[in-house]
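# Geometric and topological summary
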Amino acid sequence: MDIRAVPADAFLPYSAALRAVYADAFRPPPWNEDGARADAFAARLASDVRRPGFTAALAFDGPSVVGFATAWTTPTPFPADGCHPEAAVALGRSRTEEWLCGGREIDEIAVRPAVRGAGVGGGLLEAVTAGVSDGRAWLLTSLRSVRTVSFYRHRGWTQATHPSPDGHGAAVFLGPRHPARTLAARSL
């Protein structure tokens, strides 16, 4: 596998391959995403690459793209879309601003199922967090996937929010060098 950081202007030409990887990665349970969700992902790439601090990495097996990761700088004020409001409520306004705003937000990591377990996801995660000098990398992920949560924990990421007693919902994870990771509340 060859993992490469890719600048924004070189990322969009891979849109068709990225859509295919996204569809393969998120079609199986627990995600159960359909072609329309993969299309929506591909459609938002043009605006994602214009976000401040956008960074991306691609994983290649020969000439084929088998994985990717995207990230950017979290703006201030904190976003009000997707699972961001859930994260802000769980952390509170002060911690959200201090811990997340201005940090490197990992948006997507997708790896084709056929190459999982070969270090591709870990390599992609490292590639999009390598330039974070202050360690303030973070992400939101659904707790529906035990495998995904385990992936982040085994790489030293700390779960900072615990969204519901039944273990579902989205949780904030702080990177292994995030200065607030030791302040994060542990689950009961």
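The model shown is predicted, which means the values in this text are computed figures rather than measured ones.

Right, let's talk about the packing of helix α4 (residues 84-91) against helix α5 (residues 93-100) for a bit. At a minimum axis distance of 6 Å, the contact between α4 and α5 shows a crossing angle of 115 degrees. Accordingly, the angle class assigned to the pair α4 and α5 is roughly perpendicular. Pair α4 / α5 crosses with right-handed handedness. Each of A87, A88 and L91 in α4 lies in contact with α5, whose residues at this interface are R93, R95, T96, W99 and L100. Across the contact of α4 with α5, the residue classes break down as five nonpolar, one polar and two charged.

With that settled, consider the environment of R44. Mapped onto the secondary structure, R44 falls in helix α3 (residues 35-48). Once residues lying within four places of it in the same chain are set aside, the contact partners of R44 are W72, D107 and E108.

Compared with an ideal rise of 1.5 Å per residue, which puts 14 residues at 20 Å, α3 spans 20 Å between its outermost C-alpha atoms and is within 8% of the ideal. Turning to α3, its buried residues number three or more, namely A38, F41, L45 and D48. Buried residues of α3, viewed axially, fall in a sector of 75 degrees; they line one side. Turned more than 90 degrees away from the buried face of α3 sit A36 and A43, all of them exposed. Looking at the buried positions of α3, the neighbouring elements they touch are α1 (8-11), α2 (15-26), β3 (64-73) and β4 (104-111).

Looking now at the pattern of salt bridges. Taken as a whole and assessed by the stated rule, the structure comprises eleven salt bridges. The partner of E97 in a salt bridge is R93, and the shortest N-O contact between them spans 3.6 Å. Taken together, the positions of E97 and R93, both in helix α5 and four residues apart, correspond to about one turn of that helix. What makes E97 partly exposed here is its relative accessible area of 43%. One continuous salt-bridge network, built from bridges that share partners, spans R44, D48, R51, D107 and E108.

Applying the stated criterion across every chain, the model contains ten aromatic pairs. Seen in terms of ring centroids, F78 and W138 are 5.9 Å apart; in terms of plane orientation they differ by 35 degrees. Their pairing is tilted. On the criterion of sequence distance, the pair formed by F78 in the loop between β3 and α4 and W138 in strand β5 (residues 137-142) is long-range, its members being 60 residues apart. As far as burial versus exposure is concerned, F78 and W138 are alike and both buried. Chaining the aromatic ring pairs together yields one cluster made of Y22, F26, W31, F41 and F68. Across from the ring centre of F60, 4.0 Å away, lies the NZ or CZ of R4, which sits over that ring.

All right, on to the nonpolar core then. Core analysis: the biggest nonpolar cluster contains 22 residues, and I106, L124, L125, Y152, W157 and F173 have the highest contact counts within it. Considering each element in turn, this core owes the most residues, four residues, to helix α6 (residues 120-129). Discounting chain neighbours no more than four positions away, the residues touching F173 are A137, W138, L139, T141, L143, V149, Y152, R153, W157, T158, Q159 and A160. In this structure, Y22, A38, L45 and W72 belong to the second largest nonpolar core, which totals 21 residues.

Reading the values: rules and limits
- Residues numbered from 1 in each chain as written.
- Predicted model: local features only at pLDDT ≥ 70, side-chain atom pairs only at ≥ 80, totals over all residues.
- Heavy atoms only, no water.
- Axes fitted to C-alpha atoms, helices over the stretch in contact; angles between N-to-C directions.
- Helix = DSSP H or I, 4+ residues; strand = E, 2+ residues; numbered from the N terminus.
- Parallel < 35°, antiparallel > 145°, perpendicular 65-115°, else oblique.
- Left-handed = near helix turned anticlockwise from the far one by under 90°.
- Contact = heavy atoms within 4.5 Å.
- Nonpolar A, V, L, I, M, F, W, Y, C, P; charged D, E, K, R; others polar.
- Expected span 1.5 Å × (residues − 1).
- Buried < 20%, exposed > 50% of the residue type's maximum accessible area, 1.4 Å probe, protein only.
- Arc of directions from axis to C-beta.
- Salt bridge = Lys/Arg side-chain N within 4 Å of Asp/Glu carboxyl O.
- Phe/Tyr/Trp six-rings, centres within 6.5 Å; stacked < 30°, edge-to-face > 60°.
- Lys NZ or Arg CZ within 6 Å of the ring centre and 35° of its normal.
- Core = buried A, V, L, I, M, F, W, Y, C linked by side-chain atoms within 4.5 Å.

In short, the description is geometric, and any link to function would need to be established separately.
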